[in-house]
Amino acid sequence: MTDQSSTLYAKLLGETAPIRWQELQPFFARGALLWVEGGQDLVAVAQAVAENDHARVAQWMNQGLLCKLEDSRAEDLLSRDPQLWAVVVAPWVLVQERAVDSILH
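Going by an unreviewed UniProt entry, the chain carries the name DUF2288 domain-containing protein and comes from Ectopseudomonas alcaliphila.

Spelled out as structure tokens, the structure:
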């Protein structure tokens, strides 16, 4: 990781915060939410998006690890209201459900 890359990672990490689905609904309505699967490092994915790393982003999308948030997932999030984490990489908001086991530690 270069100094510039690690600086961006640290900046994005500092901007990552817990959020509830209700607060994200306007972004979903605009089609601006990207879902990051739980096993991925949310900040590393955000960094790749910010750096326009097309190869990594395309790989994650092809593997289903990164995608635009779909209606069915939105309905699930609305009904469950789980703990979510989000970070903004304009024009996107990347969101991830916080893993239950990480809350216990």
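### Here we look at unusual backbone geometry
The omega torsion of the bond from A90 to P91 falls at 10°, within 30 degrees of zero and hence cis. In this structure, P91 sits in the loop between β4 (84-89) and β5 (92-97). Even without being glycine, N52 reaches a positive phi, approximately 55°. Turning to its location among the elements, N52 is positioned in the loop between α3 (42-50) and α4 (54-62). You will see that D81, though not glycine, has its phi angle at about 50°, which is positive. Mapped onto the fold, D81 is located in the loop between α5 (71-80) and β4. D81 gets classed as partly exposed once you look at its relative accessible area, which sits at 39%.

Quick notes on the rules
- Residues numbered from 1 in each chain as written.
- Predicted model: local features only at pLDDT ≥ 70, side-chain atom pairs only at ≥ 80, totals over all residues.
- Heavy atoms only, no water.
- Helix = DSSP H or I, 4+ residues; strand = E, 2+ residues; numbered from the N terminus.
- Buried < 20%, exposed > 50% of the residue type's maximum accessible area, 1.4 Å probe, protein only.

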